Amino acid sequence: MRYHVLTLFPEMIDQAANTSILGRAVKNGSIQVETTNIRDYSANKHMRVDDYPYGGGAGMVMEAEPVYRAYEAVKEKIGHKPRTIYLTPQGKVLNQTMVEEFALDEDLVLICGHYEGIDERVLEEVVTDYVSIGDYVLTGGELGAMVMIDAISRFVPGVLSNEESSQFESLQDNLLEYPHYTRPEVWHEKRVPQVLLSGDHKRIEAWRYEQSVLRTTERRPDLLRKSYRVHCAFYGGMESGAGQLNEALSRYGTLLDFNRKKLRKQRYHFERQDLLVVMVDEEILKNPGEPEAFSNVRGKKTPCMAVITTQEEQLGQVEEKLKAMFDKQGFLYKKTYHLPSLEKVDKLNEIALDIRRKMEEIHEK
Ligand code: 9D3
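The structure displayed is predicted, hence computed values, not measured ones. Once a new chain begins, its residue numbering starts again from 1 and follows that chain's sequence as written. Side-chain atom pairs in this predicted model are given and counted only at pLDDT of 80 or more, local residue features only at pLDDT of at least 70, and totals for whole chains, interfaces and linings cover all residues.

## What to know about helix α14 (residues 345–364)
Right, so step 1: Where helices and strands are cited, they refer to DSSP runs of H or I of at least four residues and of E of at least two residues respectively, numbered from the N terminus. What a helix should span is 1.5 Å times the count of its residues minus one. In this model, α14 (20 residues) spans 29 Å end to end at C-alpha, consistent with the 28 Å of a helix rising 1.5 Å per residue.
Right, so step 2: Put simply, a residue is buried when 20 or more other C-beta atoms lie within 10 Å of its own C-beta and exposed when 12 or fewer do; between those, it is partly exposed, and each C-beta is set from the backbone. For α14, the set of buried residues is L348, I351, A352, I355, R356 and M359. The buried residues of α14 all sit within an arc of 140° when viewed along its axis, so they share a single face. Every exposed residue of α14 that faces more than 90 degrees away from the buried side is listed here: D346, E361 and E364. Read the arc as the range of directions from the helix axis to the C-beta atoms.

Structure follows, in structure tokens:
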């Protein structure tokens, strides 16, 4: 990942980029942090970069031209129009899904404003995304850029060691993490919860999930409204793919085998707070009606999406069949993804990210 930061205070960015985990990542080459001083591109003999606002009012406004020239220099270097983020209190508030999406780019341009902001006309020409880091007032965009670089770099290969990286990100489920304990077993007369000493992994997972929900209810009820339980169902030879997708989507997701006779007899009821993702291959077309297992699931306006690995030509046919089936059974069929091959792990992770983005859209409404 290469970050290109346009700023009037490059020292601020350089400081952060050379310290701790980011410093190590720069040294080992996983990330590059390049700063451009906007003042170096001033068109003015006094190196001035700001001026009074048209229409009057307090403060100064950064001129369009120096920002534009600094941007053009970076764009030339990259060779194409890069994703360009303007840090501003008027942007979309940064969240984990946005962080993971930004991490997919090879180059990111980050523009930091100062004073009252930057002339609107240059922003219209170069900015692709407007990002805020939260609803409070800063003195400039530099801390915002640093927050973004820090959060995004955690997803760049080679930045975190195995020890430091967690396969499961607590925030990806919109749930806070469960409480942690280490030795001693008793401290200030407080015991470690007994279940954690039981060695029963199923019970431990269940307890942790319960603690996560409790904690989120108490501390972040706003997050709880955006959380959902993931269920990945598979039909045909999609078990490994469904397992991977499930892990990419949720720490606590469940897997459902729609091939199994036992499941066909059982009825499965889903709620509004659930998400059903079905993964199917061409096997589904061999069956003229609907596979038994599918007819035993019922939703209550439960969102539902499908990942299909048939050939491109059969995609429309399979989609129609699934959509009709699930809509009839109380689901809200939202989206179809095409996965050319189960071997494409990157593609599967991309789909997982898009599913999370789609779920956020659904909760915004
Ligand atoms: C008249 C109101 N202005 C000053 C109080 C608006 C204003 C302009 C520039 C407020 C803050 C800033 C500088 N902030 C940022 O550049 C910034 C920021 C932020 O203030 N909060 C959250 N995220 C970000 S990202 C960049």
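There is more to say, and it comes next.
## What about the nonpolar core?
Right, so step 1: Counting residues in hydrophobic clusters, the biggest one holds 42 residues, and the most contacted among them are C232, L245, V277, V278, M279, V280 and V307.
Right, so step 2: Looking at this core, the elements with two or more residues in it are β10 (229–235), α9 (239–249), β13 (274–280), α12 (292–295), β15 (302–308), α13 (315–328), β16 (331–338) and α14.
Right, so step 3: Counting residues in hydrophobic clusters, the runner-up holds 38 residues, among them Y3, Y71, F102 and V159. Remark: nonpolar core denotes a set of buried Ala, Val, Leu, Ile, Met, Phe, Trp, Tyr and Cys residues whose joining runs through C-beta atoms within 7 Å.

## Some details on the packing of helix α1 (residues 10–17) against helix α6 (residues 142–153)
Right, so step 1: Comment: axis = line fitted to C-alpha atoms, over the contacting stretch for helices; angle = value between 0 and 180 degrees taken between N-to-C directions. Following both chains from N to C, one finds α1 and α6 inclined at 25°, their axes separated by 10 Å at the closest point. In this view, α1 runs roughly parallel relative to α6, as classed from their interaxial angle. Crossing geometry of α1 relative to α6 is assigned as right-handed. Residues M12, I13 and A16 of α1 pack against E142, A145 and M146 of α6. Here is the rule for angles: anything less than 35 degrees is roughly parallel, anything more than 145 is roughly antiparallel, 65 through 115 is roughly perpendicular, and the remaining ranges are oblique. Left-handed describes a crossing whose near helix is turned anticlockwise from the far helix by less than a right angle; the clockwise case is right-handed. The contact criterion used is a C-beta to C-beta distance within 7 Å, with each C-beta placed from the backbone.

## Points about the pairing of β16
Right, so step 1: Pairing of β15 with β16, which is carried by seven bridges, proceeds in the parallel orientation. Opposite V307, over in β16, you have Y337 as the bridge partner. Only strands that DSSP links by at least two bridges are regarded as paired with each other.

## Details of the environment of K265
Right, so step 1: As for its placement among the helices and strands, K265 is situated in helix α10 (residues 261–265).
Right, so step 2: The class for K265 is exposed, based on 10 C-beta atoms found within 10 Å.
Right, so step 3: Residues K265 and S295 lie 30 residues apart in sequence; the distance between their C-alpha atoms is 9.9 Å.

## Some details on the packing of α9 against α14
Right, so step 1: Remark: α9 packs on α14, axes separated minimally by 9 Å, with the N-to-C direction vectors making an angle of 45°. With respect to their mutual orientation, α9 and α14 come out oblique. You can see that α9 and α14 cross each other, and the crossing is right-handed. In this structure, α9 contributes G241, Q244, L245, A248 and L249 to the contact, and α14 contributes V345, L348, N349, I351, A352, I355 and R356.
Right, so step 2: Here the contact of α9 with α14 is built from residues that sort into eight nonpolar, three polar and one charged. Amino acids outside the nonpolar list (Ala, Val, Leu, Ile, Met, Phe, Trp, Tyr, Cys, Pro) and the charged list (Asp, Glu, Lys, Arg) are all regarded as polar, and Gly is one of them.

## Some thoughts on the pairing of β15
Right, so step 1: In terms of burial, β15 is a largely internal element, seven of the seven residues being buried.
Right, so step 2: Two elements, β13 and β15, share five bridges in a ladder whose sense is parallel. Across the sheet, residue M279 finds its bridge partner in β15, namely V307.
Right, so step 3: In this fold, β15 hands off to α13, which returns the chain to β16; that crossover is right-handed. The crossover handedness rule: strands pointing away from the viewer, path from first strand over the helix to second strand clockwise, crossover right-handed.

## Looking at the environment of M1
Right, so step 1: Summarising the element assignment, M1 is placed in the segment before β1 (2–7).
Right, so step 2: For the pair formed by M1 and S30, sequence separation is 29 residues and the distance between their alpha carbons is 6.7 Å.
Right, so step 3: Apart from residues lying up to four places away in sequence, M1 is in contact with I31, E106, S153 and V156.

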